[in-house]
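Residues per chain are reported as follows:
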Amino acid sequence: MKANLGVQFALGRSFAARDHRERVAAMGFWHPPGSPEASPALLARHGLLALPFRHGLETFRCTLKVINMIEARRKACLNGHPSWYLNNMVVRADCQGRGLGSSILRRELSYVVDTSPFPASLVTQKPQNVTFYEKLGFQVTNDEPIAINGRSFPNWIMVRQKPR
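The text that follows walks through the structure, step by step, so that each part is easy to find. What you see is a predicted model, and the numbers here were worked out from it, not measured in a lab.

How each quantity is defined
Once a new chain begins, its residue numbering starts again from 1 and follows that chain's sequence as written. The predicted nature of this model means local features are confined to residues of pLDDT at least 70 and side-chain atom pairs, given and counted, to a pLDDT of 80 or more, with totals for whole chains, interfaces and linings taken over all residues. Working from all heavy atoms in the structure, the side-chain values ignore hydrogens and water. Starting at the N terminus, helices and strands are each numbered in turn, a helix being any DSSP run of H or I of at least four residues and a strand any DSSP run of E of at least two. Exposed residues in this analysis have more than 50% of their type's maximum accessible area, buried residues have under 20%, and partly exposed residues fall in between, with area computed by a 1.4 Å probe over protein chains only. Contacts are residue-level and defined by heavy atoms, with any inter-residue pair within 4.5 Å sufficient. Exposure was quantified through the Shrake-Rupley algorithm and a 1.4 Å probe, taking into account, for residues, occlusion by the shown protein chains and nothing else. Only Phe, Tyr and Trp rings take part, Trp by its six-membered ring, and two of them pair if their centres are within 6.5 Å. Stacked means planes under 30 degrees apart, edge-to-face means over 60, and tilted covers everything else. Only buried Ala, Val, Leu, Ile, Met, Phe, Trp, Tyr and Cys residues count toward a nonpolar core, and they belong to the same one when joined by side-chain atoms within 4.5 Å. If DSSP finds at least two bridges between two strands, the strands pair. N or O atoms within 3.5 Å of each other form a polar contact, as long as, within protein, one can give a hydrogen and the other can take it, and as long as residues adjacent in sequence are counted only when both atoms are side-chain atoms. The span you would expect from a helix comes to 1.5 Å times its residue count less one. This arc is taken over the directions from the axis of the helix to the C-beta atoms. Should a side-chain nitrogen of Lys or Arg be within 4 Å of a carboxyl oxygen of Asp or Glu, the pair is scored as a salt bridge.

**Details of the overall build of the protein**
Part 1 of the reasoning: Tallying secondary structure elements over the protein gives 6 helices and 8 strands in all.
Part 2 of the reasoning: Overall, the protein shows an N-to-C arrangement of helices and strands of α-β-β-α-α-α-β-α-β-α-β-β-β-β.
Part 3 of the reasoning: Taken across its 164 residues, the protein has 37% of its residues classed as buried.
Part 4 of the reasoning: Excluding contacts between residues fewer than 6 apart, the proportion of contacts in the protein whose partners are at least 24 apart in sequence is 69%.
Part 5 of the reasoning: Here the protein has roughly 9900 Å² of accessible surface; of this, 55% comes from carbon and sulfur atoms.

**What about the packing of aromatic side chains?**
Where two aromatic rings form a pair, the distance of their centres and the angle of their planes describe that pair.
Part 1 of the reasoning: Scanning all chains against the criterion turns up 4 aromatic pairs.
Part 2 of the reasoning: Seen in terms of ring centroids, Phe15 and Trp30 are 6.2 Å apart; in terms of plane orientation they differ by 35°. Their pairing is tilted. Linking Phe15 in strand 1 (residues 13-18) with Trp30 in strand 2 (residues 24-31), this pair joins segments that are 15 residues apart in sequence.
Part 3 of the reasoning: What makes Trp30 buried here is its relative accessible area of 0%.
Part 4 of the reasoning: A ring pair is formed by Phe132 and Tyr133, whose centres lie 5.0 Å apart and whose planes are at 75°; its orientation type is edge-to-face.

**Observations concerning the nonpolar core**
For soluble globular proteins, the rule of thumb is that nonpolar side chains tend to be buried together.
Part 1 of the reasoning: Within the largest apolar cluster, 23 residues are counted, with the highest numbers of intra-cluster contacts made by Trp30, Leu86, Met89, Leu105, Leu109, Tyr133 and Phe138.
Part 2 of the reasoning: Among the secondary structure elements, those contributing two or more residues to this core are strand 1, strand 2, strand 3 (84-91), helix 5 (100-113), strand 4 (120-124), helix 6 (127-134) and strand 8 (156-160).
Part 3 of the reasoning: Membership of the second largest hydrophobic core comes to 8 residues, among which are Cys62, Val123, Ile146 and Ile157.

**With respect to the pairing of strand 1**
Part 1 of the reasoning: Relative to strand 2, strand 1 runs antiparallel, the two being bridged by 6 bridges. Its bridge partner lying in strand 2, Ala17 is registered against Ala26.
Part 2 of the reasoning: Between strand 1 and strand 2, which pair antiparallel in sequence order, lie 5 residues; one of them, Glu22, sits at a positive phi of approximately 70°.

**Overview of the side chain of Arg160**
Part 1 of the reasoning: As for its position among the elements, Arg160 is in strand 8.
Part 2 of the reasoning: For Arg160, a relative accessible area of 9% corresponds to the buried category.
Part 3 of the reasoning: Separated by 3.0 Å, the side chain of Arg160 and the backbone oxygen of Leu136 make a polar contact.
Part 4 of the reasoning: In contact with Arg160, not counting residues within four places along its chain, are Leu109, Val113, Asp114, Pro119, Ala120, Leu136, Gly137 and Phe138.

**A look at helix 5**
Part 1 of the reasoning: End to end, helix 5 covers 19 Å across 14 residues, agreeing with the expected 20 Å (1.5 Å per residue, within 8%).
Part 2 of the reasoning: Of all the residues in helix 5, the buried ones are Gly101, Ile104, Leu105, Glu108, Leu109, Val112 and Val113. Considered in projection along helix 5, the buried side chains sweep an arc of 140° and stay on one side of the axis.
Part 3 of the reasoning: Of the surrounding secondary structure, the elements contacted by the buried residues of helix 5 are strand 1, strand 2, strand 3, strand 4, helix 6 and strand 8.

**Observations regarding the pattern of salt bridges**
Part 1 of the reasoning: Evaluation of the coordinates by the stated rule reveals 9 salt bridges.
Part 2 of the reasoning: In this structure, Asp94 engages Arg23 in a salt bridge whose closest nitrogen and oxygen atoms are separated by 3.8 Å. Of this pair, Asp94 sits in the loop between strand 3 and helix 5 while Arg23 sits in the loop between strand 1 and strand 2, and the two are 71 residues apart along the sequence.
Part 3 of the reasoning: Here Arg23 falls in the partly exposed class, since its relative accessible area comes to 35%.
Part 4 of the reasoning: Linking Arg107 and Glu108 is a salt bridge whose minimum nitrogen-to-oxygen distance equals 3.7 Å.
Part 5 of the reasoning: The class of Arg107 is partly exposed, set by a relative accessible area of 42%.
Part 6 of the reasoning: Linked through salt bridges whose partners overlap, the residues forming this network are Asp19, Arg23, Arg92 and Asp94.

Pasting the structure below:
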């Protein structure tokens with residue numbers, strides 16, 4: 001988790017909302033259009049290359065394969081065009097169901113995406129997230145499951161075009 005956060009901060013733009021006690025209640029990360037891919041040096045600097053030592057080389061290889069498969073599909077859905085990529089968005093469990101996630105993402109979409117010439121894209125593996133993002137204008141552009149080593153898991157790629 002710490003390594004992932006380090007890479008997110010290095011590559012993108014973060015956003016957050018606080019609860020009434022000033023604790024972070026929701027947060028997310030955008031990768032701007034044309035942002036660089038995570039390089040080995042960047043991954044090493046944030047500890048992600050420790051993954052094979054912590055979880056085994058096979059887990060590391062599978063993780064990289066899955067990441068590459070998902071990224072290739074996302075780029076294909078965008079016809080190779082750049083987009084704002086919503087890499088992560090989370091709402092603390094005790095703050096869910098109150099409209100906070102919708103509110104913060106709606107604000108981000110209007111402030112970041114709608115003022116630029118680029119659409120927004122994201123990937124999710126949770127069916128309940130599909131409905132959440134559809135309410136904010138995203139559309140499913142690919143819903144093929146990811147299959148690796150005889151296992152399969154759901155995967156949705158979603159794109160939100162700029163409003164006209």
